[in-house]
Amino acid sequence: MEEPARAARFILLKDLLREKHWQPYRRFCREYDKAAARIDKELVGTFPSDSTYRRWLSGRIVGTPRSEPCAVLEEMFPEHTIEQLFEPQSDGDEQEETDSGVPASVQLSNASEPPVPTWRDPATATLPIADAYYSDVISSGGEVEKVNRIDFVTGLVATVAAPGLLLSSVAPMRVGSADVAWYRESLLHLYALDDHYGATGELYSLTVRSSRRLVRVLETASYNPGVGDELRSVTGKVMVHAGWLSFDARRDRDARYWWLESLHAARMAGDRDVEIVVLALMSLAALKYGHAREAVDLARSAKRIAQSYRCTPRLRSLLAAREALGLARIGDSTATREALDRAYADLDETRHDDDPEWLGFWGSADLAYHASRIGQHLGDLSMAEGTARGALAAGDARYSRNRALYHANLARVLIARRNVDEAIPAVAEAAVQASQFNSGRLTRMVHRQVGDLHSGYGRMPAVQELAEWTATNLSTVN
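Residues numbered from 1 in each chain as written. Predicted model: local features only at pLDDT ≥ 70, side-chain atom pairs only at ≥ 80, totals over all residues. Heavy atoms only, no water.

*Asks:* Run through the packing of helix H15 (residues 313-330) against helix H16 (residues 333-346), naming residues and quoting values.
*Replies:* With their axes 8 Å apart at the nearest point, H15 and H16 run at an angle of 160° to one another. When the interaxial angle is binned, H15 and H16 end up roughly antiparallel. Crossing hand, H15 versus H16: left-handed. Contacts between H15 and H16 involve Pro 313, Arg 314, Arg 316, Ser 317, Ala 320, Ala 321, Glu 323, Ala 324, Leu 327 and Ala 328 from the former and Ala 335, Thr 336, Ala 339, Leu 340, Arg 342, Ala 343 and Asp 346 from the latter. The residue inventory of the contact of H15 with H16, partitioned by class, reads ten nonpolar, two polar and five charged. (Axes fitted to C-alpha atoms, helices over the stretch in contact; angles between N-to-C directions. Helix = DSSP H or I, 4+ residues; strand = E, 2+ residues; numbered from the N terminus. Parallel < 35°, antiparallel > 145°, perpendicular 65-115°, else oblique. Left-handed = near helix turned anticlockwise from the far one by under 90°. Contact = heavy atoms within 4.5 Å. Nonpolar A, V, L, I, M, F, W, Y, C, P; charged D, E, K, R; others polar.)

*Asks:* Pulling in residues and values, what's your account of the packing of aromatic side chains?
*Replies:* Under the criterion given, the structure shown has ten aromatic pairs. Ring geometry for Trp 22 against Phe 77: centres 5.9 Å apart, planes inclined by 50°, an arrangement best described as tilted. Residue Trp 22 is found in the loop between helix H1 (12-19) and helix H2 (25-39), and its partner Phe 77 is found in the loop between helix H4 (67-76) and helix H5 (82-86); the two are separated by 55 residues along the sequence. This pair shows no difference in class: Trp 22 is buried, exactly as Phe 77 is. Taking the centre distance of 6.0 Å and the plane angle of 40° together, the rings of Trp 244 and Phe 247 count as tilted. Of this pair, Trp 244 and Phe 247 both sit in helix H11 (residues 225-248), three residues apart, which is roughly one turn of that helix. This pair shows no difference in class: Trp 244 is buried, exactly as Phe 247 is. Joined through ring pairs, the aromatic side chains of Phe 28, Tyr 32, Phe 47, Trp 56 and Phe 86 make up one cluster. (Phe/Tyr/Trp six-rings, centres within 6.5 Å; stacked < 30°, edge-to-face > 60°. Buried < 20%, exposed > 50% of the residue type's maximum accessible area, 1.4 Å probe, protein only.)

Structure representation (structure tokens):
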């Protein structure tokens, strides 16, 4: 079991990774999965979170990691044992450290949060989301250790997340409705972990293993036809979630794979809910890839299925907003505004029993976020700024990642409007939150906003401090 150590130490693993050019996190994960597949395919995806990986390389652990990564690391470096990989080494180039373990040359003036620009009053410079959910501890080189967020989820996942799916590696002989209900409850735990911690490597691994074990249950257990359809439905929803976690981590090929697998499961089970959510997510992904027309068609396809099945006001609102986003990217302002008007008209903040369970996030805040992006695509920056602020004002604290995206989006609009004084704290807020989530989408947005600030206003001390902090504390996303 790994534990944080008091000071950074040189370890052999870091040197070996550098020699093979595997040190960037995404490259390490690819090589890790290759080695894992040679041992046991169920070990694929068990790589450490970005924050844990950085702590490994800094040598700030005592002992060795948990068992699964140990086996894979020894496969990656067969000439060394796991103890040798993590054994502290002597490094003559180590910098002199202060009492806090921070190299003197890079010690920050305020070690409890990112650098506070000189134009902000430290007495009023609060970070409400950060204060509510975690404590930051600046460690070596200004690195943020996730005291109560990403690292905490590693242990939490194994004990709380999906007991019905994971505690037994042997498929049951007979499955009934009570078992399916337990699997559904486990799925809700997966949703909750994602809402609070983001797409961590541990959560993705757990979700993939859950999906595989449900497939094993489908193939080996006995059940009646009705229970079989319910099992396929739950399996499809777990696969949808694996796809979502992949998408949020910018593992686009994996996302597409899981969503297509979930569509297959949904059609076998006759589950329209799964089909609708997959098409809605694929519409969002198509926008990311620049396929605006495909995004519109996918949203409309989801709407057709919903209308033939059950289309609650909130679901109609979401699908209309996704359609409007695609139309805005195409440049059809008239059709865009018509679709956006429908989204607002259909929005119902009240949760209804017939709303799909995955739709809990949708409300006025996320609709305002969509409207802000639409305004940006149409060149209406006044609309974009007003709705960006509205998203933040209406944001639900339960969806911290969404609030971080709202901050990053507001920063993007403010930069476009040359309102630098407000843009910098908005980016800083998003950066703090991005350092606590394994969300490739969020991290990429923050890096882009910091890059835009640095390109246009790089001589400002506050921009320089922010750029240095994000370069140190946020992973690089391709």
